[in-house]
Amino acid sequence: QLQLQESGPGLVKPSETLSLSCTVSGGSISTTPYYWGWIRQSPGKGLEWIGSIHYSGRTYYNPSLESRVTVSVDTSMNQFSLKLRSVTAADTAVYYCARAYASGSYPFDYWGQGTLVTVSS
Amino acid sequence: SSELTQEPAVSVALGQTVTITCQGDSLIVHYASWYQQKPGQAPLLVFYGKNSRPSGIPDRFSGSNSRGTASLTITGAQAQDEADYFCNSRDSSGDHVIFGGGTRLTVL
């Protein structure tokens, strides 16, 4: 059974960089045809896609966040990572990593449990 | 287009049928996926594509798509179906993922 687990600091100071990793177990991150994505959910709000990456390194980003986001992949560690720069309180959210089937509607079929990141001094 | 619009809230009597909709220009080209989210939990994929239901999802969940509107139908709603439901798809360019704002389903 595929499992995804987010890890990283739960508290980040304003203007600093939020860094999270997602470890994939029970399957290879290099399996096609899948993309690996980050989605966030602000408290009491809806879901917002941040970006996705293919194991080859190809990335796609939400245009509204693209200037501050980098998603990378480490196939040797079976992990992918998120960096969000210059954070503000508006970036406080539960951050999920998920796998997307790269066809059709690109459904996210496996999700991590999510990790709350609070931006505060 | 980069928006998907859902009804904020819908209610259904126990055992009855309810349909939740998702509207957007990109749905003319792309299919939608549907997720169920209960408090404190990660979203769960319940339906996707033209006619696909993940393993383990009850067959009371079904979907359809008609020229810009995707629908999720729950036939014979159960108390455990009370949750938030989100649709998602790709935008018109196909390169970006978009989510609807979510629909809170109450089972009466």
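Per chain, residues are indexed from 1 in the order of the written sequence. All chains are assigned letters beginning at A, and all ligands numbers beginning at 1, according to the order in which they are written. The predicted nature of this model means local features are confined to residues of pLDDT at least 70 and side-chain atom pairs, given and counted, to a pLDDT of 80 or more, with totals for whole chains, interfaces and linings taken over all residues. Side-chain numbers come from the whole structure's heavy atoms, not from hydrogens or water.

1. Examining the state of the cysteines
In this description, a disulfide is simply a cysteine sulfur pair whose atoms lie within 2.5 Å. Overall, the coordinates contain two disulfides over all chains when judged by the stated rule. With a sulfur-sulfur separation of 2.1 Å, A:Cys22 is cross-linked through a disulfide to A:Cys97. The disulfide joining A:Cys22 to A:Cys97 has a torsion of about 65° about its S-S bond and is therefore right-handed. Of this pair, A:Cys22 sits in strand β3 (residues 18–25) while A:Cys97 sits in strand β9 (residues 93–101), and the two are 75 residues apart along the sequence. Across this residue pair, the class does not change: A:Cys22 and A:Cys97 are buried. Paired by a disulfide, B:Cys22 and B:Cys87 hold their sulfur atoms 2.1 Å apart. Torsion about the S-S bond of the B:Cys22 and B:Cys87 cystine: about 70°, corresponding to right-handed handedness. Here B:Cys87 lies in strand β8 (residues 83–90) and B:Cys22 lies in strand β3 (residues 18–23), a separation of 65 residues in the sequence. The pair formed by B:Cys22 and B:Cys87 is uniform in burial state, with each residue classed as buried. Secondary structure elements are taken from DSSP: a helix is a run of H or I of four residues or more, a strand is a run of E of two residues or more, and numbering for both begins at the N terminus. Burial status follows relative accessibility: with a 1.4 Å probe on protein chains alone, a residue under 20% of its type maximum counts as buried, one over 50% as exposed, and anything between as partly exposed.

2. Looking at the interface of chain B and chain A
We call two residues contacting when some pair of their heavy atoms lies within 4.5 Å. With 20 residues of chain B at the contact, the number on the chain A side is 20 residues. Each of two parts loses accessible area, computed with a 1.4 Å probe, when they are put together; buried area is these two losses added. Summed over both partners, the interface of chain B with chain A comes to about 1,600 Å²; 65% of that surface belongs to carbon and sulfur atoms. Three residues stand out in chain B for area buried against chain A, namely B:Arg90, B:Val97 and B:Phe99, and they jointly supply 31% of the buried area on that side. Salt bridges, as used here, are contacts in which a Lys or Arg side-chain nitrogen is within 4 Å of a carboxyl oxygen on Asp or Glu. The tally of links between chain B and chain A comes to zero salt bridges. Two N or O atoms form a polar contact when they lie within 3.5 Å of each other; inside protein one atom must be a possible hydrogen donor and the other a possible acceptor, and for residues adjacent in sequence the pair counts only when both atoms belong to side chains. Between chain B and chain A we count eight residue pairs in polar contact (both at pLDDT 80 or more) in total.

3. Quick look at the packing of aromatic side chains
Geometry of aromatic contacts follows a simple scheme: Phe, Tyr and Trp rings, the Trp one being its six-membered ring, pair when their centres are within 6.5 Å, and the pair is stacked under 30 degrees between planes, edge-to-face over 60, tilted otherwise. All chains considered together, the criterion is met by 11 aromatic pairs over all chains. Centroid distance A:Trp111 to B:Tyr35: 5.7 Å. Interplanar angle 75°. Geometry classified as edge-to-face. A residue pair is termed interchain when its members come from two chains, as with A:Trp111 in strand β10 (residues 108–111) and B:Tyr35 in strand β4 (residues 33–37). As far as burial versus exposure is concerned, A:Trp111 and B:Tyr35 are alike and both buried. An angle of 50° between the planes, with centres 6.1 Å apart, marks the rings of B:Tyr35 and B:Phe99 as tilted. With a gap of 64 residues between them, B:Tyr35 in strand β4 and B:Phe99 in strand β9 (residues 97–99) connect regions that are remote in the sequence. Classification of B:Tyr35 by relative accessible area gives buried; the value is 0%. Residue B:Phe99 is classed as buried on the basis of its relative accessible area of 12%. Members of the aromatic cluster, each reached through a chain of ring pairs, are A:Tyr96, A:Phe108, A:Trp111, B:Tyr35 and B:Phe99. Over a ring means this: the NZ of a Lys or the CZ of an Arg is within 6 Å of the ring centre and within 35 degrees of the ring normal. For the cation-ring pair, A:Arg99 lies above A:Tyr34, with the distance from its terminal atom to the ring centre recorded as 3.6 Å.

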